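# Working through the structure, step by step
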Amino acid sequence: MNIAIDGPAGAGKSTIARLASKKLGFLYVDTGAMYRAIALYLLNNDTDITDKEALDKALSEISIDIVYADEVQHVILNGDDVSSKIREERVGNMASKSAALPEVRKKLLFLQRDIAAKNDVIMDGRDIGTNILPNAELKIYLTASVEVRAKRRYDELVEKGQSPDINIIKDDIEKRDYQDMHREIAPLKQAEDAVLLDSSYMTIEEVVEKIIALKEGKKA
Ligand code: CDP
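Residues numbered from 1 in each chain as written. Predicted model: local features only at pLDDT ≥ 70, side-chain atom pairs only at ≥ 80, totals over all residues. Heavy atoms only, no water.

### Some points on the overall build of the protein
Counting its regular elements, the protein contains nine helices and eight strands. Compactness check: the protein gives a C-alpha radius of gyration of 17 Å against a globular reference of 17 Å for 220 residues, within 12% of the reference. Dimensions of the protein, computed from C-alpha atoms along their principal axes, come out at roughly 50 × 40 × 35 Å. Here the analysis covers contacts within the protein between residues at least 6 apart in sequence; of these, 74% occur between residues at least 24 apart. (Helix = DSSP H or I, 4+ residues; strand = E, 2+ residues; numbered from the N terminus. Rg over C-alpha atoms; globule rule 2.2 N^0.38 Å. Contact = heavy atoms within 4.5 Å.)

Structure below.
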């Protein structure tokens, strides 16, 4: 069985998908991490992504593997576990830019479909229900207001010992939403058959329970 969760940055997709997969015994697949790994490579190599030749060369040098240790997804970029490094804000911003490129999306499409074909998965991202897994048994579009999403990201960074500026975070989120929703290829949008969940005023547990109830409903 495949469950697709799409939605904008900071809607809580990864936390919720992780908890729901644990309860259901599914594999959690974080596709954003794959885009982030590519972005990290492009940043580290100062690749000019507007130069098609440079981009193709960089992509040909990138190998991404997904491995699971204790049910936690690790992203391996050319043999290195980059699971922590890809979490920086600069990597997320670059991921949003490079994810608009067809060459980048093509590189990850097969990997994502292959994992979903072989496992019961909850896969989260931007185009899972619309493009990667159009036949997923359950599709969720998870969103929340920009203010709530910025506050969540702010709290996360404070928790990590950083002193972020909430206005910069909000601007980044708005910019990323715009880029993700307005790109030509596989833009972020709610699939016609997706269930809309607005988590602005829901707790994590409430959202997880709702997804599990929806999944149980599908079985009946
Ligand atoms: O964690 P957060 O929601 O901030 O972002 P993410 O899920 O790690 O994804 C980072 C970026 O990768 C997004 O802003 C998207 O532009 C891109 N992405 C995508 O285009 N398609 C996906 N299936 C997943 C991520």
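### Quick look at the side chain of Arg 153
Looking at where Arg 153 falls in the secondary structure, it is placed in helix α7 (residues 146-159). Given a relative accessible area of 17%, Arg 153 falls into the buried group. Once you skip the residues sitting within four places of it in the chain, Arg 153 turns out to touch Gly 10, Arg 36, Glu 89, Ile 169 and Arg 176. (Buried < 20%, exposed > 50% of the residue type's maximum accessible area, 1.4 Å probe, protein only.)

### A short note on empty space enclosed by the protein
For the structure shown, the criterion picks out two cavities of 30 Å³ or more. Considering only enclosed or pocket space, the largest cavity measures out at about 40 Å³ in volume. Lining the largest cavity are Glu 89, Asn 93, Arg 153, Ile 169, Asp 172, Ile 173 and Arg 176. For the lining of the largest cavity, the elements supplying multiple residues, two or more each, are α4 (89-98) and α8 (166-182). In terms of residue count, the dominant contributor to the lining of the largest cavity is α8 (four residues). Per-class residue counts for the lining of the largest cavity are two nonpolar, one polar and four charged. Looking at the second largest cavity, its volume works out to about 30 Å³. (1 Å grid on protein atoms, 1.4 Å probe; cavity = no way out; pocket = protein on both sides within 12 Å on 5 of 7 lines; lining within 4 Å. Points joined across faces, edges and corners; volume = space filled by probe spheres on them. Nonpolar A, V, L, I, M, F, W, Y, C, P; charged D, E, K, R; others polar.)

### Overview of the sheet that holds strand β1 (residues 2-6)
Here we have five strands laid out as an open sheet, ordered β2-β6-β1-β7-β8, and parallel in their pairing. Two strands lie at the open edges of the sheet, namely β2 (27-30) and β8 (195-198), each paired on one side alone. Each neighbouring strand pair of the sheet contributes to a mean axis angle of 20°, computed without reference to strand direction. The pairing of strand β7 (residues 138-143) with β8 spans four bridges and is classified as parallel. Bridge pairing in β8 places Ile 140 opposite Val 195. (Pairing = 2+ DSSP bridges. Axes fitted to C-alpha atoms, helices over the stretch in contact; angles between N-to-C directions.)

### Quick word on the site of the ligand
Around the ligand lies a shell of 19 residues, among which Arg 36, Arg 105, Arg 176, Asp 180 and Arg 183 are the nearest. The side chain of Thr 31 places a nitrogen or oxygen atom 2.9 Å from a nitrogen atom of the ligand. Between the ligand and the protein, one listed contact pairs an oxygen atom with a side-chain N or O atom of Arg 36 at 2.6 Å. The protein chains hide 95% of the 530 Å² of surface that the ligand would expose on its own. Mapped onto the shell around the ligand, the elements with two or more residues apiece are α2 (31-44), α4 and α8. Broken down by class, the residue content of the shell around the ligand amounts to five nonpolar, five polar and nine charged. (Near = heavy atom within 4 Å. Polar contact = N/O pair within 3.5 Å; in protein donor to acceptor, adjacent residues only side chain to side chain. Areas by Shrake-Rupley, 256 points an atom, 1.4 Å probe, with all protein chains shown as cover.)

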